[in-house]
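Residue-level structure breakdown
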Amino acid sequence: MPVRKKPPKSENPKGSIFLLFHQVQQKMDIEQKNLFLKYDITPRQFIVLQTIDFQPGSNQNEIVKSINIDRSTLSKIIEKLESKNYISSQHKEGDKRHKQLNISSKGRSTLRRLQHNVKDLENIFIKEIDLDTKKKFLSSLRAYVTNK
């Protein structure tokens, strides 16, 4: 193989943190996809279902603010979750504009199994990181995504 001259100031992409995060994201996406396919649910549906379980009686506006998801995307996800009988919605007493969302027993059962499996995937992801480093790492990532 001939030796090629590198252009001035070229950088090896293998040293890029963006490449590293891209590779981690790809690997996690594949692992999540394989897991969620077994339950006929998407990662976004999982996050919304988890939010409704954690905040029973929430309306769409509260969920949009809580997980920073587009309102039209959330509406489609809610329709899907309702069609699978994972959640139910009912108009809030005295306010027909807002629907309260609640998880069904079928949704909760599926969610608990998924949460267990997701936790296993997370543990595999971070098992090589010592506890202090893990806390700092996760704290740093949270700070990064919440800074606008």
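For the structure itself, consult the block above.
Residues numbered from 1 in each chain as written. Predicted model: local features only at pLDDT ≥ 70, side-chain atom pairs only at ≥ 80, totals over all residues. Heavy atoms only, no water.

1. Some remarks on the nonpolar core
Core analysis: the largest hydrophobic core is formed by 21 residues, its most contacted members being Ile41, Val48, Leu49, Ile52, Leu81, Ile87 and Leu114. Residue assignment for this core shows that the elements contributing at least two residues are helix H1 (17-38), helix H2 (43-54), helix H4 (71-83), strand S2 (95-103) and helix H5 (105-126). Excluding its chain neighbours within four sequence positions, the residues that come into contact with Val48 are Ile67, Ile69, Leu74, Ile77 and Leu81. (Core = buried A, V, L, I, M, F, W, Y, C linked by side-chain atoms within 4.5 Å. Buried < 20%, exposed > 50% of the residue type's maximum accessible area, 1.4 Å probe, protein only. Helix = DSSP H or I, 4+ residues; strand = E, 2+ residues; numbered from the N terminus. Contact = heavy atoms within 4.5 Å.)

2. Here's the deal with H4
Between the first and last C-alpha of H4 there are 18 Å, a value that for 13 residues agrees with the 18 Å anticipated at 1.5 Å per step. Here H4 has its buried residues at Leu74, Ile77, Ile78 and Leu81. The buried side chains of H4 occupy one side of the element, clustering within an arc of 105° when seen end-on. Seen from the open side of H4, the exposed residues pointing more than 90 degrees away from its buried face are Lys76, Glu79 and Ser83. Positive phi appears at Asn85, one or two residues downstream of H4, with a value of about 60°. (Expected span 1.5 Å × (residues − 1). Arc of directions from axis to C-beta.)

3. As for the layout of surface pockets
Approximately 2,100 Å³ is the volume found for the largest pocket. Forming the boundary of the largest pocket are 41 residues, of which Met28, Gln32, Ile47, Glu122 and Val145 lie nearest the centre. Within the residue set of the lining of the largest pocket, elements represented by two or more residues are H1, H2, helix H3 (60-67), H5 and helix H6 (131-146). Here the element with the most residues in the lining of the largest pocket is H1; it accounts for 11 residues. By residue class, the composition of the lining of the largest pocket is 22 nonpolar, 11 polar and eight charged. (1 Å grid on protein atoms, 1.4 Å probe; cavity = no way out; pocket = protein on both sides within 12 Å on 5 of 7 lines; lining within 4 Å. Points joined across faces, edges and corners; volume = space filled by probe spheres on them. Nonpolar A, V, L, I, M, F, W, Y, C, P; charged D, E, K, R; others polar.)

4. Quick word on the packing of aromatic side chains
Summed over all chains, the structure comprises one aromatic pair. On the basis of an interplanar angle of 40° and a centroid distance of 5.2 Å, the ring pair of Phe36 and Phe46 is categorised as tilted. Of the two residues, Phe36 is situated in helix H1 and Phe46 in helix H2; the sequence distance between them amounts to 10 residues. An identical accessibility class is assigned to Phe36 and Phe46; each is buried. (Phe/Tyr/Trp six-rings, centres within 6.5 Å; stacked < 30°, edge-to-face > 60°.)

5. Looking at the environment of Gln32
The residue Gln32 is located in helix H1 in this model. Taking the C-alpha atoms as reference points, Gln32 and Val118, separated by 86 residues in sequence, lie 7.8 Å from one another. Other than its neighbours up to four places away in sequence, Gln32 contacts Pro43 and Leu121.

6. Some points on a nonpolar patch on the surface
On the surface, Ile17, Phe18, Leu20 and Phe21 cluster together into a nonpolar patch covering about 450 Å² of accessible area. Following the sequence through the fold, Ile17 ends up in helix H1. (Patch = residues over 30% accessible without salt bridge, like charges linked within 9 Å, V, L, I, M, F, W, Y side chains within 5 Å. Areas by Shrake-Rupley, 256 points an atom, 1.4 Å probe, with all protein chains shown as cover. Salt bridge = Lys/Arg side-chain N within 4 Å of Asp/Glu carboxyl O.)

7. Some remarks on the pattern of salt bridges
Per the counting criterion, the structure on display carries three salt bridges. Among the salt bridges present, the one from Arg112 reaches Asp53, with a minimum N-O distance of 2.8 Å. Of the two residues, Arg112 sits in helix H5 while Asp53 sits in helix H2, which places them 59 residues apart along the sequence. The closest approach of N and O atoms between Glu122 and Lys119, which form a salt bridge, is 3.6 Å. Of the two residues, Glu122 and Lys119 both sit in helix H5, three residues apart, roughly one turn of that helix. Judged by relative accessible area, Glu122 falls into the partly exposed class, the value being 35%. Among the charged side chains, a salt-bridge network with shared partners connects Asp53, Arg108 and Arg112.

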